[in-house]
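# An overview of the molecular structure
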Amino acid sequence: MPWKKILRYFLLLILVLGIITVFLANRNLKQIYGGLTEEVDPGQFVPYEGPICIEHVHVLSPDGQRFLPNRTVCLEGGKIVAIDSVLEYETGTAVEDGTGKYLIPALTDAHVHLWQSPNDLLLYLANGITHIRELVGAPHHLTLREEIKAGRLGPQMYVASPRLGTFGTMEGWFMNWSQEFNNVKDAADAAQHVLYLKEQGYDGIKAYSHLSRECYEAISRTADSLGMDMVGHIPWSIEIDDLWTSHQSDIAHLEEIMNALRREFDKQDESDDPSQLLAYIDQRSQEMIPHMLQKDISLTTTLWLVESFYRQKFELDAVLKEVELAYVNPGIAEWDEMIPMGLGWLPSVNRYKLPEGLSEEDLAGRRTFWQTYAEACRVILKNMAAGGVVILAGTDASLPVTVPGFSLHQELVSMQAVGMSPAEVLQTATLNPAIRLRRNAGKISPGFQADLLLLNQNPLEDIRHTQSIEAVFLGGKMLDRKLLDDMLAAVKAANDRSRTIDISEFE
């Protein structure tokens, strides 16, 4: 065979292998973000729609501090239309008996990641969450947001932009392909990206850790000029005090403040004494409060996730048995190792697992580090909440091991354990995010949006009682307990049919 023909066949073979490799890589990338899991049809779940009055129910007062007993609340046209001790109903109004039950505003999770897992929308509703803030947005999230506005069953969505970061050319290409980062190289490029993202319809701009100071400042200026929120991380290129001259309106994690203060501490003191670090963070976080109030910067928590880091490294099997693993998109939990990154929940691929072969001394050091890490975040939350900073409850779902929907209730329990009262905690998931996200909700008062939860137990006695859900009202539509259970069962069944790894040992 002539050598030219051999060369052509060889090049054709290389091309075919390249195409196959790219196809498999893209397919596996879709899988680890949950895009290959069977999708549940939300249209099969039909809530009651029409005028409805909830009788003889305890209603959370507008200030969120107490329950008003034996009230009747009427809903119509997606709004709360009347609240009183005695009301007369028009013919055709449905009546729900609220005797012995508690009516509160529905919940918001202010930090979630849908990735490519639309079934999670049903998990949020089943857990009483009628609004979510997606903090790594993508075009398909914008589509879901509009479908929900048009009638698809799901929580209302605030969609922040894809993450913006500053990388070299090749790294930027990889980060864009694998994690949908927008790589911004300089101030002009950063400003242009913000303009483009505004045109695409994103609700806010997500700043990430990997941003140069020049790009961070340009994003801040441009977002402010367009009336867009700038939310997210505190880039490694800036100091805490640089926040006060920026237009960033929300810090997306407690640990963003903790890590920034730890960088400060490391520059000033080489001590590795955890107590000295905690004392520094305690003092500096209190010093930040007047600036946070003056600039009206809110703080999103993700505390339970931070507290889980230690356990994921040292007690992973126990944690996986405690969380609602069956409802997690199996593609996200399993992760295919063909792609050298992923979300990974299970022991062999867990994103946060310790490297193998550590000495006892190394293990002891890491135990201390991660315990201190969580305690520092608790210190910051305690100080910020006491100082009047606007706190938003958020979970970072679906990072391991924050199960969409379920994890918000765990987050509220962690916040209560820090010392916040149940009323203070409840406000972080109701009124605070409603005001922040410019929604006419979060309060039970005539004229407000009828996004409500009917509970069997009093959450002002113990925040755990937010889990005692009897019914969810989504824009006045009633999803009763049976419908909520049907939604959960459908998601679990779809996950089971899509699963490639047996998780029965964790059930």
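Higher on the page you've got the structure.
Residues numbered from 1 in each chain as written. Predicted model: local features only at pLDDT ≥ 70, side-chain atom pairs only at ≥ 80, totals over all residues. Heavy atoms only, no water.

## Here we look at the state of the cysteines
Working definition: the covalent bond between the sulfur atoms of two cysteines is a disulfide. We apply this condition: Any two cysteine sulfur atoms lying within 2.5 Å of each other are counted as a disulfide. The helix and strand labels rest on DSSP assignments: H or I over at least four residues marks a helix, E over at least two residues marks a strand, and numbering proceeds from the N terminus. Accessible area is worked out with a 1.4 Å probe on protein chains only. A residue is then buried under 20% of its type maximum, exposed over 50%, and partly exposed in between.
Considering all chains together, one arrives at one disulfide under this definition. Covalently, Cys53 is tied to Cys74 through a disulfide, its sulfur atoms 2.1 Å apart. Given an S-S torsion of about 110°, the disulfide between Cys53 and Cys74 has right-handed geometry. Within this pair, whereas Cys53 is found in strand 1 (residues 52-60), its partner Cys74 is found in strand 2 (residues 67-76), the two being separated by 21 residues in sequence. For the pair Cys53 and Cys74, one class covers both residues: buried.

## Considerations on the side chain of Thr301
Quick note on the threshold: Polar contacts, as used here, are pairs of N or O atoms within 3.5 Å; protein pairs need one atom able to donate a hydrogen and one able to accept it. Residues neighboring in sequence count only if both atoms are side-chain atoms. Residue contacts follow a heavy-atom distance rule, with two residues in contact if any of their heavy atoms lie within 4.5 Å.
Among the structural elements, Thr301 can be located in the loop between strand 13 (298-300) and helix 9 (303-314). Reaching out from Thr301, the side chain makes a polar contact with the backbone nitrogen of Gly394 at a distance of 3.2 Å. Polar side-chain contacts of Thr301 include one of 2.7 Å to the side chain of Glu411. Dropping the residues within four chain positions of it, Thr301 is found in contact with His253, Leu254, Leu381, Ile391, Leu392, Ala393, Gly394, Glu411 and Met415.

## Details of helix 7 (residues 254-268)
Stated formally: Given a helix with a known number of residues, its expected span is that number minus one, times 1.5 Å.
For helix 7, spanning 15 residues, the distance from its first C-alpha to its last is 22 Å, which sits close to the expected 21 Å at 1.5 Å a residue. Of the positions making up helix 7, those classed as buried are Leu254, Glu255, Glu256, Ile257, Met258, Asn259, Ala260, Leu261, Glu264 and Phe265. Of the surrounding elements, those touching the buried residues of helix 7 are strand 12 (250-251), helix 8 (274-295), strand 13, helix 9 and helix 12 (360-386).

## Brief notes about the layout of surface pockets
Empty space among the atoms becomes visible once a probe the size of a water molecule is rolled across them. Heads up, the rule is: For each structure, a 1 Å grid was placed over the protein atoms alone; sets of points admitting a 1.4 Å probe that cannot get out are labelled cavities, open sets with protein on both sides within 12 Å along at least five of seven lines are labelled pockets, and lining residues have an atom within 4 Å of a point. Grid points are joined across faces, edges and corners, and a volume is the space filled by probe spheres set on the points.
Within this model, the largest pocket holds a volume of roughly 860 Å³. Lining the largest pocket are 34 residues, and of these Tyr208, His233, Arg351, Tyr352 and Leu399 sit closest to its centre. Put simply, the parts of the chain that give the lining of the largest pocket at least two residues each are helix 4 (169-179), helix 7, helix 9 and helix 12. Sorting elements by how many residues they give to the lining of the largest pocket places helix 7 first, with five residues.

## Points about the pattern of salt bridges
Our working definition: When a carboxyl oxygen of Asp or Glu is within 4 Å of a side-chain nitrogen of Lys or Arg, the pair counts as a salt bridge.
Taken as a whole and assessed by the stated rule, the structure comprises 25 salt bridges. Notably, a salt bridge pairs Asp486 with Lys482, separated by 2.9 Å at the nearest N-O pair. With a gap of four residues between them, Asp486 and Lys482 both fall in helix 16 (residues 481-498), about one helical turn apart. Residue class for Asp486 comes out partly exposed when judged on its relative accessible area of 32%. By relative accessible area, which is 57% here, Lys482 ends up exposed.

## Things to note about the pairing of strand 3 (residues 79-84)
Our working definition: By definition, two strands form a pair when at least two bridges between them are found by DSSP.
Taken together, the five bridges between strand 2 and strand 3 define a ladder with antiparallel strand orientation. Among the inter-strand pairings, Glu76 is bridged to a residue of strand 3, identified as Lys79. Between strand 2 and strand 3, which pair antiparallel and follow one another directly, the connecting turn spans two residues, one of which, Gly77, has a positive phi of 60°.

## Quick word on the nonpolar core
Under the convention used in this document: As used in this record, nonpolar core signifies buried Ala, Val, Leu, Ile, Met, Phe, Trp, Tyr and Cys residues forming a set joined through side-chain atoms within 4.5 Å.
Grouped together as the largest cluster of nonpolar side chains are 144 residues, with contacts concentrated most on Leu103, Leu299, Met384 and Phe473. With eight residues, helix 12 is the single largest residue contributor to this core. Not counting residues up to four positions away in its chain, the partners in contact with Met384 are Ile257, Ser285, Met288, Ile289, Met292, Leu299, Val389 and Ile391.

## Focus on the pairing of strand 8 (residues 156-165)
Taking burial as the measure, the ten residues of strand 8 include nine buried ones, the bulk of the element. Sheet topology places strand 7 (residues 129-134) next to strand 8; four bridges connect them, and they run parallel. Bridging across to strand 8, Arg133 finds its partner in Tyr158. The pairing of strand 8 with strand 10 (residues 204-207) spans three bridges and is classified as parallel. Across the sheet, the residue bridging to Arg163 is Lys206, located in strand 10. Strand direction decides the pairing type here: strand 8 and strand 9 (residues 182-183), joined by two bridges, are parallel. Paired with Leu164 across the strands is Asn182, a residue of strand 9.

## Here's the deal with helix 3 (residues 139-149)
Put simply, the rule is: Working definition: the arc comes from the directions between the helix axis and the C-beta atoms, pointing outward to the latter.
What helix 3 keeps buried is the set His141, Leu142, Leu144, Arg145 and Ile148. Buried positions in helix 3, seen along its axis, are confined to an arc of 160° and lie on one side of it. Those residues of helix 3 hidden inside the fold are in contact with helix 2 (120-126), strand 7, strand 8 and helix 5 (187-200).

## Let's talk about the environment of Gly201
Among the structural elements, Gly201 can be located in the loop between helix 5 and strand 10. Gly201 sits in the partly exposed class, given a relative accessible area of 26%. Residues Gly201 and Val159, 42 residues apart in the sequence, show an inter-C-alpha distance of 8.7 Å. Those residues in contact with Gly201 that sit more than four places away from it in its chain are Leu142 and Arg145.

## Section: unusual backbone geometry
Excluding glycine, residues mostly carry a negative phi; peptide bonds, for their part, are mostly trans. Of note, the bond from Ala397 into Ser398 is cis; its omega dihedral lies within 30 degrees of zero at 15°. Residue position: Ser398 is located in the loop between strand 14 (391-392) and helix 13 (406-418). Cis geometry is found at the peptide bond from Pro400 to Val401, where omega equals 5°. Counting through the fold element by element, Val401 comes out in the loop between strand 14 and helix 13. Phi is positive for Trp115, close to 50°, though the residue is something other than glycine. Structurally, the position occupied by Trp115 is in the loop between strand 6 (107-112) and helix 2. You can call Trp115 buried: its relative accessible area is 9%. With a phi angle near 60°, Arg438 is a residue other than glycine that sits in the positive phi range. Note that Arg438 resides in the loop between helix 15 (431-436) and strand 15 (452-455). Residue classification places Arg438 among the exposed positions, given a relative accessible area of 57%.

Geometry only, nothing functional implied.
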